[in-house]
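# Per-entry structural report
One-letter residues, chain by chain:
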Amino acid sequence: MSIIIFTLIFNFVFELSTAQSATETEYIKVGVMSGDSLWSIAETYMPDMDTREAVYIIKQVNGLDSNIISAGSTLEIPV
């Protein structure tokens, strides 16, 4: 019985630490240049993802309410 309890506790702790490490996201900072759009930035820095989804994620990460971005601002892009 103690082996089963130990195994359950070990599995719980191991899965918890794995879940935490799997959710850590790294970001890069991208300076917005004149002519840039969220769409073009998403295509450039998140090419393996559907562009619409990438734009949505960029907006969420940066707290943007609209698609308007200004040259000279900085965006965090998950990688």
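Below or above, wherever it landed, is the structure these notes cover. What you see is a predicted model; the values in this text were computed from it and never measured. (Residues numbered from 1 in each chain as written. Predicted model: local features only at pLDDT ≥ 70, side-chain atom pairs only at ≥ 80, totals over all residues. Heavy atoms only, no water.)

## Points about the overall build of the protein
Each helix and strand in the protein was counted, giving three helices and two strands. Along the protein, helices (α) and strands (β) appear in the sequence α-β-α-α-β when read from the amino end. Each of the 79 residues in the protein was classed as buried or not, and the buried ones make up 19%. If you take every contact in the protein between residues at least 6 apart in sequence, the share linking residues at least 24 apart comes to 57%. Here the protein has roughly 6100 Å² of accessible surface; of this, 59% comes from carbon and sulfur atoms. (Helix = DSSP H or I, 4+ residues; strand = E, 2+ residues; numbered from the N terminus. Buried < 20%, exposed > 50% of the residue type's maximum accessible area, 1.4 Å probe, protein only. Contact = heavy atoms within 4.5 Å. Areas by Shrake-Rupley, 256 points an atom, 1.4 Å probe, with all protein chains shown as cover.)

## Overview of the packing of helix H2 (residues 38–45) against helix H3 (residues 51–62)
Remark: H2 packs on H3, axes separated minimally by 9 Å, with the N-to-C direction vectors making an angle of 105°. One finds that H2 runs roughly perpendicular with respect to H3. Residues Leu38, Trp39, Ile41, Ala42 and Glu43 of H2 pack against Thr51, Arg52, Ala54, Val55, Ile58 and Lys59 of H3. Broken down by class, the residue content of the contact of H2 with H3 amounts to seven nonpolar, one polar and three charged. (Axes fitted to C-alpha atoms, helices over the stretch in contact; angles between N-to-C directions. Parallel < 35°, antiparallel > 145°, perpendicular 65-115°, else oblique. Nonpolar A, V, L, I, M, F, W, Y, C, P; charged D, E, K, R; others polar.)

## Topic: the nonpolar core
Of all hydrophobic cores here, the largest spans twelve residues; its members are Val30, Val32, Leu38, Ile41, Ala42, Met46, Ala54, Val55, Ile58, Ile69, Leu75 and Ile77. Counting only elements with at least two residues in this core, the list comes to H2, H3 and strand S2 (74–78). For Leu75, the residues in contact, after removing those within four places along its chain, are Ile28, Lys29, Val30, Val32, Leu38, Ile41, Ile58, Asn62, Leu64 and Ile69. (Core = buried A, V, L, I, M, F, W, Y, C linked by side-chain atoms within 4.5 Å.)

## Here's the deal with H2
Here H2 has its buried residues at Leu38, Ile41 and Ala42. One side of H2 holds all its buried residues, which, seen down the axis, span an arc of 100°. On its buried face, H2 sits against H3 and S2. (Arc of directions from axis to C-beta.)

## Points about the environment of Val61
Secondary-structure assignment places Val61 in helix H3. If near-sequence neighbours (up to four positions away) are discounted, Val61 is found in contact with Tyr27, Glu76 and Pro78.

## Topic: the side chain of Lys59
Tracing the backbone shows Lys59 in helix H3. The buried charged residue Lys59 lacks any salt bridge, with Asp65 as its nearest oppositely charged partner at 7.6 Å. A polar contact of 3.0 Å, which involves the side chain of Lys59, links it to the side chain of Asn67. With residues near it in sequence (within four places) discarded, Lys59 still touches Leu38, Leu64, Asp65, Ser66 and Asn67. (Lys, Arg positive; Asp, Glu negative; His and termini not counted. Salt bridge = Lys/Arg side-chain N within 4 Å of Asp/Glu carboxyl O. Polar contact = N/O pair within 3.5 Å; in protein donor to acceptor, adjacent residues only side chain to side chain.)

## Looking at the environment of Lys59
Taking relative accessible area as the criterion, Lys59 reaches 19% and is therefore assigned buried. When the C-alpha positions of Lys59 and Ile77 are compared, they lie 9.6 Å apart, and in sequence the two are 18 residues distant.

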